[in-house]
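# Summary of structural features
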Amino acid sequence: MDFALNQDQIAFQDSARDFAASELAPHAARWDEEEHFPVDVIRRAGEMGFLGLYTPERFGGLGLSRLDSAIVFEELAAGCTSTAAYLTIHNMVSWMIAAFGSEALAEQWVPRMTTGEHLGSYCLTEPGAGSDAASLTTRAERKGEVYVLNGGKMFISGAGSTQVLVVMARTGSPGAKGVSAFVVPADAAGIRYGKKEKKMGWNSQPTRAVTFDNVEIPASHLLGAEGQGFAFAMKGLDGGRINIATCAVGTAQAALEAASRYVQERKQFGQPLSELQTVQFRLADMLTELVAARQMVRLAAWKLDNASPDASAYCAMAKRIATDLSFNVANNALQLFGGYGYLKDFPLERHLRDLRVHQILEGTNEVMRLIVARKMLQEGALETLR
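Throughout what follows, the structure given in this document is the object of discussion. (Residues numbered from 1 in each chain as written. Predicted model: local features only at pLDDT ≥ 70, side-chain atom pairs only at ≥ 80, totals over all residues. Heavy atoms only, no water.)

### Looking at the overall build of the protein chain
A tally of helices and strands in the protein chain yields twelve helices and ten strands. Taking 2.2 N^0.38 as the reference for a compact globule, 386 residues should give roughly 21 Å; the C-alpha atoms of the protein chain span a radius of gyration of 21 Å, in line with that estimate. In terms of principal-axis extent, the alpha carbons of the protein chain reach across some 80 × 50 × 40 Å. Evaluated residue by residue, the protein chain yields a buried proportion of 54% over its 386 residues. For the protein chain, long-range pairs separated by at least 24 residues make up 73% of all intrachain contacts whose partners lie at least 6 apart in sequence. Total accessible area computed for the protein chain in this model is approximately 16,700 Å², and 53% of it derives from carbon and sulfur atoms. Taking the average location of the 38 positive side-chain charges in the protein chain and that of its 43 negative ones, the two points are 5 Å from each other. (Helix = DSSP H or I, 4+ residues; strand = E, 2+ residues; numbered from the N terminus. Rg over C-alpha atoms; globule rule 2.2 N^0.38 Å. Buried < 20%, exposed > 50% of the residue type's maximum accessible area, 1.4 Å probe, protein only. Contact = heavy atoms within 4.5 Å. Areas by Shrake-Rupley, 256 points an atom, 1.4 Å probe, with all protein chains shown as cover. Lys, Arg positive; Asp, Glu negative; His and termini not counted. Charge placed at Lys NZ, Arg CZ, Asp CG, Glu CD.)

Take a look at the structure:
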């Protein structure tokens with residue numbers, strides 16, 4: 001059992017940290033304020049390989065492990081949480097097409113996604129189907145050599161500014177087994193995009209509703225076979241939960257570093273704040289929680305890389321604890337800044353706003369608890385979760 005990063009992982013970490021410092025962090029506050037989607041910077045991320053981290057090399061990706069990818073996403077999130085989070089979603093979409101689509105379909109879309117020529121959105125959530133995703137009502141009806149899609153999706157990251165959608169739609173009976181997955185060109189006739197949502201955080205990526213009105217796509221755009229879509233969606237979300245968790249850790253790291261610098265510079269009662277024992281205790285707890293969250297995320301990534309039968313439970317555990325603890329770390333960092341932390345002149349309030357949604361998306365933290373509890377209550381399962 002070796003917890004040290006190897007030389008390749010250190011190199012990936014360094015390159016991501018440098019990119020975050022030069023391309024993301026200097027602009028993050030402005031992107032947040034202006035609600036700007038930095039497509040040019042995202043495409044430069046593609047030049048670094050960050051748009052296809054775990055996408056197979058034959059389609060232009062780097063073919064990295066989920067653990068290696070988590071290390072990269074953590075560093076990117078320290079520069080801009082919102083933009084890094086979109087990069088994780090795009091990575092998930094390109095991987096799903098490469099993993100579950102036909103060779104011809106993957107060749108059509110994925111190489112242009114790994115460069116950033118085409119950007120992707122993941123379309124699962126609906127106005128009436130959030131945590132209960134298996135109850136989705138968007139339908140895809142086979143008519144000869146095409147499928148016709150009707151319905152609507154909600155809270156879709158990147159929607160209206162991306163070129164390809166992975167859409168979950170019902171082709172069969174109610175429930176999970178009736179759901180299929182499709183690749184849909186984002187400019188297909190019959191697609192309408194709603195207004196750009198005004199959000200608490202994640203403002204450097206647009207979020208919109210998507211409506212499908214008799215949208216025709218080739219039958220070849222089906223991922224896998226009919227009825228496999230929900231399983232594909234959940235496989236995508238296992239990795240997505242690691243991605244969201246590691247982005248939370250990266251943001252918390254940035255918040256902790258800012259707070260550590262501040263308390264050593266800020267003087268009250270004739271001494272630096274860092275000399276106060278209460279401040280030292282708070283910093284120690286923040287660091288301890290951050291390290292615990294990071295190690296849980298990396299353990300879950302390792303489980304996923306090794307196709308462990310309990311990987312989904314570990315991904316849920318990691319997502320729950322990392323997002324909760326990271327939010328706490330950022331909140332405590334803001335507290336150490338006092339009134340200054342509440343100002344937009346400092347990044348703490350943005351970190352807090354961006355982090356809040358990590359406890360909701362890719363499955364709420366309440367749903368993560370359900371996943372873990374159901375797994376541990378299976379006969380003999382508790383012995384394996386050790």
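### Some details on helix α8 (residues 277-305)
Over its 29 residues, α8 runs 42 Å from end to end, which matches the ideal 42 Å to within 8%, given 1.5 Å per residue. Among the residues making up α8, those that are buried are V279, L283, M286, L290, A293, R294, M296, V297, R298, A300, A301 and K303. Contact partners of the buried residues in α8: α1 (7-24), α4 (66-79), α7 (229-265) and α9 (311-337). Following α8 by one or two positions, A307 adopts a phi angle in the positive range, close to 50°. (Expected span 1.5 Å × (residues − 1).)

### A short note on the packing of helix α5 (residues 81-100) against helix α6 (residues 103-115)
Where α5 contacts α6, the two axes come as close as 9 Å, and the packing angle between them is 155°. Taken together, the axes of α5 and α6 are roughly antiparallel relative to one another. The chirality of how α5 crosses α6 is left-handed. Between α5, through H90, V93, S94, I97 and A98, and α6, the contact on the second element is made entirely by L105, A106, W109, V110 and M113. (Axes fitted to C-alpha atoms, helices over the stretch in contact; angles between N-to-C directions. Parallel < 35°, antiparallel > 145°, perpendicular 65-115°, else oblique. Left-handed = near helix turned anticlockwise from the far one by under 90°.)

### Comments concerning the packing of aromatic side chains
What the rule picks out here adds up to nine aromatic pairs. Judged by centre distance (5.2 Å) and plane angle (90°), the ring pair of F37 and Y86 falls under edge-to-face. On the criterion of sequence distance, the pair formed by F37 in the loop between α2 (28-34) and α3 (39-47) and Y86 in helix α5 is long-range, its members being 49 residues apart. An aromatic cluster is defined as three or more aromatic residues linked by ring pairs; in this entry it consists of Y54, W95, F100 and F232. (Phe/Tyr/Trp six-rings, centres within 6.5 Å; stacked < 30°, edge-to-face > 60°.)

### With respect to the side chain of E74
Take E74: it is sitting in helix α4. Given a relative accessible area of 5%, E74 falls into the buried group.

### Some points on the environment of Q271
With respect to the secondary-structure elements, Q271 resides in strand β10 (residues 271-272). Given the relative accessible area of 27%, Q271 is considered partly exposed. Once residues within four sequence positions are removed from consideration, Q271 is found in contact with R266 and L276.

### Quick look at the packing of α4 against α8
Close contact between α4 and α8 brings their axes to 8 Å; oriented N to C, the two are set at 145°. Along the contact surface, α4 presents R66, L67, I71 and E74, while α8 presents R294, R298, A301, L304 and D305. For the contact of α4 with α8, the class distribution of residues is four nonpolar, no polar and five charged. (Nonpolar A, V, L, I, M, F, W, Y, C, P; charged D, E, K, R; others polar.)

### A closer look at unusual backbone geometry
Negative phi is the rule for most residues except glycine; trans is the rule for most peptide bonds. Despite not being glycine, N214 has its phi angle at roughly 55°, a positive value. Relative to the helices and strands, N214 is located in strand β7 (residues 207-218). Unlike most non-glycine residues, E362 shows phi in positive territory, near 55°. Within the secondary structure, E362 is located in the loop between α10 (348-356) and α11 (365-376). By relative accessible area, E362 is classed as buried at 14%.

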